[in-house]
Structure formats: C-alpha cells, structure tokens
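Results of the structural survey
For reference, the chains in residue letters:
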Amino acid sequence: MLSPQLNLYVIIAFSFLVALVLSVYPLPMDMRWWRPEFVLLVAIYWIFFMPLTVSFILLCILGLFQDLLEGVPFGQHSLGLVIVAYICILSYQRVRNFSIWRQSGWIFVLVGVAQLTDNWVQGMAGRPLSGIQFLYPALSSALLWPVCHWWLNNMTHRYHH
Amino acid sequence: MMVLVVVGLYTDRLEPLREKLAQLVTPFYQITDVPGRVNDWRKDTFVSQADLKIENEALKTELLIHQRKLQQLASLAAENVRLRQLLNASQMLQDTVLIAELIGVSPNPLSHKVIINRGTKDGAFKGQPVLDAFGLMGQVIEVGETSSTVLLISDSTHAIPVQVNRNGVRAIAEGTGDLNSLSLRHVSANTDIRAGDLLVSSGLGERFPVGYPVAEVLQVVRDPGKAFLTVIAQPMARLDRSRHLLLVFADRDKASVPGALSLPAAATSISSSSSSAVSGGR
C-alpha cells in the first residue's frame with residue numbers, strides 16, 4: 001500500500017486527469033456552451049477541503065496545460081484558476097459549513113468570475129462575446145457541484161484513510 | 001500571468017513552444033474519441049445482410065449517376081483546356097487529396113476548430129485547405145506530428161476570398177461565429193448578387209484552390225442607409241456533421257504524399273506570363 005499522503009496525491013492527480021479529459025470530450029457545436037468547467041470544479045473542491053495540498057504554481061501549470069489542450073491563448077485558464085483559487089483560499093472556512101446547495105450558489109459566482117476573465121482574454125484574441133451565454137457554464141457547473149462533491153468526497157474517504 | 005496572455009496574443013514568440021507541446025495533447029483527443037470509434041465499430045459489425053444489400057444497391061445507383069456526370073466532365077475539361085490554350089493561360093491542374101478523420105472538436109464555444117488525425121507525418125502543412133464531401137470546410141492552422149487543428153470557415157477570425165459562380169463577382173466571405181452563416185464583406189449596393197447564388201472559392205490569396213463550393217447566398221438585404229449590402233450565406237460543407245475530411249495538396253506538393261488520391265478539380269489561377277502557358281492537356 002502507498003502511504004496515505006502519497007495516496008492523496010495520486011487521487012488529486014487522477015481527479016484532474018479525469019477533469020481534463022471531460023473538458024475536451026466532444027459535444028455538438030451548439031451544446032458547447034453548457035459544458036461545465038470540470039477542471040475548475042475539481043480545483044475548487046481541493047482548495048475548499050484540502051487547502052494545503054494544491055499550490056498556486058501547480059494550478060498555473062495545470063491552467064497552461066488546459067490552454068494548450070483546448071487551443072486557447074496561453075494564460076486564459078491559468079488566470080481564471082489563480083483568481084478563483086485566491087478567492088477560495090480567502091473563503092474556504094466559511095464555505096465548508098454551508099449546505100450543499102448554498103455551496104452550489106457560491107460555485108456559480110466563482111465559475112462566473114472565471115468565465116469573465118476567460119471571455120476577456122477571448123475578446124482580446126478577437127472573438128468578442130455577445131449575450132449572456134457565458135454564464136451557462138457557471139450554471140451547469142453549479143448544478144454539477146453536488147455530484148462532483150460526492151464523487152471526490154467518496155474517493156478521498158475510501159482511499160485516503 | 002497577464003504578461004503571458006499579452007505576449008501570447010500580440011507576438012508569436014510562444015508559437016514554437018505550442019507546436020512542440022502539441023504532441024502532449026493528442027492522447028487526450030484520442031481518448032475522448034474512443035466512444036465514437038466504438039460506436040462506428042458497432043455499426044460496422046452488427047449489421048444485417050439485408051441492410052448491407054440495400055446500402056450496396058443505393059451506392060451502386062449513386063456511382064452510376066456520378067459516372068455519367070464524370071463522362072460529361074471529361075469532355076468539358078478537355079474543352080476547358082483548349083479554351084485556356086487559346087487564352088494563353090496555364091493548364092488545368094489536378095489536386096491531390098488525403099482523407100483525414102475528425103478526432104475532436106475544440107471545447108471553446110467561441111472558436112470553431114476541429115482536430116483531425118493527420119499531421120506532419122502524413123504531409124499536412126500549415127495553411128492547407130480542408131474539404132468535406134459538400135464543400136470547403138476550412139484550413140489547417142496548427143500541425144503536430146500525428147494530428148492537426150483545422151480552423152473552420154465559420155470562425156469569426158476566418159475569411160475566404162470567393163466569387164459568385166453565376167457571374168464571377170468577387171467578394172470576401174467572413175465567418176460570423178455562427179456555424180450556419182457567413183457574411184460577405186464590402187459588397188457595393190449595385191452588385192448583382194441574389195439569394196440562391198452559389199459562392200465558390202476564387203483562388204485569390206493563393207491559399208484555397210479555385211472552384212470549390214463554399215456557401216450559398218441565403219439573404220441579401222439592401223438597406224439604403226448603409227454603404228454596403230448585407231449578404232448572409234450558408235456554408236455548403238457540413239461543418240458540424242462531417243467526420244471524414246479531405247486535405248487538399250496542390251500539384252506542387254503532391255510528390256511527397258504517401259497514400260494520397262488524385263482528384264480532377266479546378267484550374268489554377270490564370271497566369272498572364274507566356275512562359276507559364278504550358279501547352280497540352282492533362
């Protein structure tokens with residue numbers, strides 16, 4: 001058996017890998033707005049519940065890899081990840097005590113912030129945004145949060161202890 | 001982070017890095033393509049003989065129709081070559097194509113890009129035109145070793161020189177970010193263009209070969225308050241459905257392409273210098 005600490009790192013790496021694969025899973029062109037921000041959700045979970053395990057540098061590298069993966073300008077996702085991670089670090093003690101749906105509401109705000117920076121970079125790259133569509137991922141991410149929370153909780157409890 | 005964004009957007013210093021690392025992301029697209037592959041395999045494997053027979057019949061009929069059209073095409077092509085000789089213009093060229101398969105779609109909803117399973121190993125290059133069975137789809141913008149990224153003509157950063165097939169009026173068709181519409185740029189108010197016109201690639205700009213269908217004009221709005229017409233066209237290629245694409249090699253790149261098929265296609269642009277007026281047909 002691996003040591004618990006090492007085990008935790010394996011779980012974290014695995015969860016991010018799954019999130020990355022899901023974030024490029026092919027969807028019909030018109031449905032793409034509804035794709036939740038999987039990587040961001042997983043990152044938020046780890047920061048909320050294990051704030052000392054995920055470093056900002058690691059998040060930056062993760063974000064850069066996601067940029068590479070999705071073919072968007074370098075820095076777009078890492079910018080969002082780092083800003084959201086900072087807000088999470090400031091707020092995790094309160095948010096841990098929220099009910100799950102209240103947490104979802106907070107997730108909506110956090111993903112919304114990340115979407116703002118995402119679309120700000122996209123706008124600079126010459127793809128201006130029209131309409132309220134950019135909040136769809138925030139909504140779907142918020143709805144997915146209970147599932148994500150349950151899955152990661154389950155995995156941590158099963159393999160970490 | 002901000003510096004990185006700005007450097008990445010306004011200079012091309014990060015491009016080599018991106019190209020080097022492109023190989024890292026291919027496995028992800030291959031993994032996400034697995035369900036599609038399984039589905040294809042299922043369709044190919046569990047199919048009744050009766051269905052196959054019906055499909056075979058349909059394909060034979062279709063082949064017959066196409067062969068009839070091809071017969072006409074041969075004489076038309078010969079005539080075209082003769083006329084071009086009279087005009088002192090360059091000869092017909094054959095384009096070569098390589099079949100590619102779509103393995104992924106860009107997850108970014110603001111950009112229209114797809115990932116295909118051909119790369120430098122197969123001779124794909126940056127700027128290469130991409131077709132499907134119905135028309136022009138776009139061009140290759142990033143090439144990895146075994147996969148590359150194709151920018152579709154409907155992307156809001158893409159534009160393609162076109163001409164109206166009916167009368168040769170030239171225009172630029174810009175992507176709008178909407179999968180089903182292109183808009184024509186700077187078309188003056190008295191231009192002869194109407195709904196239903198077929199737009200084909202004009203070959204100006206020397207990126208796309210001449211004569212491939214690009215879009216069909218859906219709507220022409222003459223607003224007296226505006227300097228130009230508003231022309232909306234619908235792409236002919238099935239941008240969100242086609243799974244099998246064709247990479248086009250112009251004649252000069254043909255030599256080094258393994259497994260490429262040759263396809264009779266449009267003529268190259270007319271050259272005015274007499275030295276290039278090669279005699280003889282295909």
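Residues numbered from 1 in each chain as written. Chains lettered and ligands numbered in written order. Predicted model: local features only at pLDDT ≥ 70, side-chain atom pairs only at ≥ 80, totals over all residues. Heavy atoms only, no water.

**Here's the deal with the confidence of the model for chain B**
The predicted coordinates of low-pLDDT regions are not to be read in fine detail. On average, chain B scores 82 in pLDDT, and the residues at 70 or more come to 86%. Residue range residues 263-282 of chain B is modelled with pLDDT below 50. Its contacts to residues more than four positions away, or to other chains, number 46 contacts. (pLDDT = per-residue confidence, 0-100. Contact = heavy atoms within 4.5 Å.)

**Some points on helix α4 (residues 76-95) of chain A**
Owing to its 3.6 residues per turn, the α-helix brings residues three or four apart onto one side. A bend of about 45 degrees at Ile89 of chain A is the largest found in α4 of chain A. If you check which residues of α4 of chain A are buried, you get Gln76, His77, Ser78, Leu79, Gly80, Leu81, Val84, Ala85, Cys88, Ser91, Tyr92 and Val95 of chain A. (Bend = angle between axes of the 7 residues up to and from the residue. Helix = DSSP H or I, 4+ residues; strand = E, 2+ residues; numbered from the N terminus. Buried < 20%, exposed > 50% of the residue type's maximum accessible area, 1.4 Å probe, protein only.)

**Quick look at the interface of chain B and chain A**
Of the residues lining the interface, 36 residues belong to chain B; the matching set on chain A comes to 36 residues. Of the roughly 3,300 Å² buried where chain B meets chain A, counting both sides, 72% is carbon and sulfur surface. Looking at the side of chain B facing chain A, the largest losses of area belong to Arg18, Phe28 and Leu110 of chain B, adding up to 21% of the total buried there. One can count 1 salt bridge joining chain B with chain A. Of the charged contacts in the structure, one is a salt bridge between Arg127 of chain A and Asp155 of chain B, with a shortest N-O distance of 3.0 Å. (Buried area = accessible area lost by both parts, 1.4 Å probe. Salt bridge = Lys/Arg side-chain N within 4 Å of Asp/Glu carboxyl O.)

**Observations regarding the side chain of Thr26 of chain B**
All names here are of chain B. Residue placement: Thr26 occurs in helix α2 (residues 15-32). The exposure class of Thr26 is buried, given its relative accessible area of 3%. Setting aside chain neighbours within four positions, we find Thr26 in contact with Thr146 and Ser147.

**Structural notes on unusual backbone geometry**
Trans is the common state for peptide bonds, and a negative phi is the common state for residues other than glycine. Residues and elements named next belong to chain B. Located in the positive-phi region is His186, a residue other than glycine, with phi close to 50 degrees. You can see His186 is positioned in strand β8 (residues 182-188). For Glu206, which is not glycine, the phi torsion reads 55 degrees and is therefore positive. Looking at the element boundaries, Glu206 is found in the loop between β9 (198-201) and β10 (213-221).

**Brief notes about the nonpolar core**
In terms of nonpolar packing, the biggest core is built from 46 residues, with Phe16, Ile44, Trp46, Phe48 and Leu59 of chain A touching the most fellow members. Listed by contribution, the elements that provide at least two residues to this core are α1 (4-23), α2 (38-49), α3 (56-70), α4, α5 (100-124) and α6 (136-159) of chain A together with α2 of chain B. Considering each element in turn, this core owes the most residues, 11 residues, to α2 of chain A. Those residues in contact with Trp46 of chain A, other than ones at most four positions away along the chain, are Leu8, Ile11, Ile12, Ser15, Phe16, Pro51, Thr53, Val54, Leu152 and Thr156 of chain A. Listed in part, the 43 residues of the second largest apolar core include Val162, Leu182, Ala215 and Leu247 of chain B. (Core = buried A, V, L, I, M, F, W, Y, C linked by side-chain atoms within 4.5 Å.)

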